[in-house]
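Okay, here's what each chain looks like letter by letter:
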Amino acid sequence: MSKQLLVLRHAKSDHGNPGLRDHDRPLNQRGREAAGRMGRFMRDRDLLPELVLCSSARRTVETLDLLEEAAGRTARSVTVEELYLASPTAMLEAVVQRARDEERVMLVGHNPGSEDVLHVLGLGLHEMPTCSLAELELEIDDWALLGGSIEARLEALWRVKHLPED
């Protein structure tokens, strides 16, 4: 038995208003388009999760909203304050604490945490530009085992700029 973990880095955010707190930055136009494109890709590949754990930052929430709108489906989603700029350990712990019977869970977060999740699971160093999606296969039958020594495989790493045209 195995579980699937999807790790999505938020889409490109807007840096045009220096008065905004980092947490409150919205997506820019390119980011909004990328989130929609990734949502359609995930729908077409049957990669939509059953549970989404999303950072509380505006750019991650907007990424998820646009992705789900484009996919035509919403999953049970939980906004998790602790995922904002979280360490990979905190990201994995959020899954352990909140996932139950779901076979596929998605984390929507930031860097360097998103890239570091892959590294701490023994999958090496991988660059995850904005709106990149990593698909991980975990040889576990219970999310509670995620914190231990497990076998993980990187099934795919999709960068939005390399997705097929839709």
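Residues numbered from 1 in each chain as written. Predicted model: local features only at pLDDT ≥ 70, side-chain atom pairs only at ≥ 80, totals over all residues. Heavy atoms only, no water.

Undergrad: Even after reading the chapter, I still don't get the overall build of the chain, so can you show me in this structure?
TA: Assigned secondary structure in the chain consists of four helices and six strands. In the chain, the order of α-helices and β-strands from amino to carboxyl end is β-α-β-α-β-α-β-α-β-β. Against the compact-globule benchmark of 15 Å for 166 residues, the chain has a radius of gyration of 15 Å, which places it among compact chains. Principal-axis analysis of the C-alpha atoms gives the chain an extent of 45 × 35 × 30 Å. Every one of the 166 residues in the chain was classed for burial, and the buried ones make up 52%. Across the chain, every contact between residues at least 6 apart in sequence was considered, and the portion connecting residues at least 24 apart equals 75%. Carbon together with sulfur atoms contributes 46% to the accessible area of the chain, which is approximately 7900 Å² in total. For the chain, the centre of its 21 positive side-chain charges and the centre of its 29 negative side-chain charges are spaced 6 Å apart. (Helix = DSSP H or I, 4+ residues; strand = E, 2+ residues; numbered from the N terminus. Rg over C-alpha atoms; globule rule 2.2 N^0.38 Å. Buried < 20%, exposed > 50% of the residue type's maximum accessible area, 1.4 Å probe, protein only. Contact = heavy atoms within 4.5 Å. Areas by Shrake-Rupley, 256 points an atom, 1.4 Å probe, with all protein chains shown as cover. Lys, Arg positive; Asp, Glu negative; His and termini not counted. Charge placed at Lys NZ, Arg CZ, Asp CG, Glu CD.)

Undergrad: Is there a simple way to explain the sheet that holds strand E2 (residues 51-55) in this structure?
TA: Across a sheet, paired strands are connected by hydrogen bonds in the backbone, their directions being either parallel or antiparallel. Ordered by their spatial adjacency, six strands build an open sheet running E3-E2-E4-E1-E5-E6, and the pairing between neighbours is mixed. Edge strands, defined here as strands with exactly one partner in the open sheet, are strand E3 (76-80) and strand E6 (152-158). On average, each strand axis in the sheet is tilted by 20° relative to the strand beside it, whichever way the strands run. Pairing of E2 with strand E4 (residues 104-109) involves four bridges; the strand directions are parallel. Within E4, the position partnered with Cys 54 by the bridge is Val 108. (Pairing = 2+ DSSP bridges. Axes fitted to C-alpha atoms, helices over the stretch in contact; angles between N-to-C directions.)

Undergrad: Even after reading the chapter, I still don't get the packing of helix H1 (residues 29-44) against helix H2 (residues 58-71), so can you show me in this structure?
TA: Axis angle and axis distance: for two packed helices, these are the angle between their axes and the distance between the axes, and together they describe the pair. Contact geometry of H1 with H2 gives a least axis separation of 7 Å together with a crossing angle of 45°. Compared by their axis directions, H1 and H2 come out oblique. Judged by the sense of rotation from one axis to the other, the crossing of H1 with H2 is right-handed. Contacts between H1 and H2 involve Arg 32, Ala 35, Gly 36, Met 38, Gly 39, Arg 40, Met 42 and Arg 43 on the former and, on the latter, Thr 63, Leu 66, Leu 67, Ala 70 and Ala 71. Looking at the contact of H1 with H2 residue by residue, the classes come out as seven nonpolar, three polar and three charged. (Parallel < 35°, antiparallel > 145°, perpendicular 65-115°, else oblique. Left-handed = near helix turned anticlockwise from the far one by under 90°. Nonpolar A, V, L, I, M, F, W, Y, C, P; charged D, E, K, R; others polar.)

Undergrad: What exactly am I supposed to notice about the packing of aromatic side chains here?
TA: Centre-to-centre distance and the angle between the planes together describe a pair of aromatic rings. Inspection of the entire model under this criterion finds one aromatic pair. Ring centres of Phe 41 and Trp 158 lie 5.1 Å apart, and the angle between their planes is 65°; this geometry places the pair in the edge-to-face category. In this pair, Phe 41 sits in helix H1 while Trp 158 sits in strand E6, placing the two residues 117 residues apart along the sequence. Neither Phe 41 nor Trp 158 differs from the other in exposure class; each is buried. (Phe/Tyr/Trp six-rings, centres within 6.5 Å; stacked < 30°, edge-to-face > 60°.)

Undergrad: Sorry, what's going on with the pairing of strand E5 (residues 133-138) here?
TA: As a general feature of sheets, a regular strand has side chains that alternate between the two faces. Along E5, six of the six residues are buried, which leaves the element largely enclosed by surrounding structure. Going residue by residue along E5, you find Leu 133, Glu 135 and Glu 137 tucked away on one face and Ala 134, Leu 136 and Leu 138 tucked away on the opposite face as well. Two strands pair when backbone bridges link them, and strand E1 (residues 3-9) and E5 are joined in this way by six bridges, in the antiparallel orientation. The partner of Gln 4 across the bridge, within E5, is Glu 137. Looking at chain direction, E5 and E6 are connected through six bridges and run antiparallel. Looking at E6, one finds that Glu 135 is bridged to Ala 156.

Undergrad: Looking at this structure, how should I read the packing of helix H3 (residues 88-98) against helix H4 (residues 113-120)?
TA: One way to put it is that H3 packs onto H4 with a least axis distance of 8 Å and a crossing angle of 80°. When the axis of H3 is compared with that of H4, the two are roughly perpendicular. Within the contact between the two elements, H3 uses Pro 88, Met 91 and Leu 92 and H4 uses Gly 113, Ser 114, Asp 116, Val 117 and Val 120. For the contact of H3 with H4, the residue count by class is five nonpolar, two polar and one charged.

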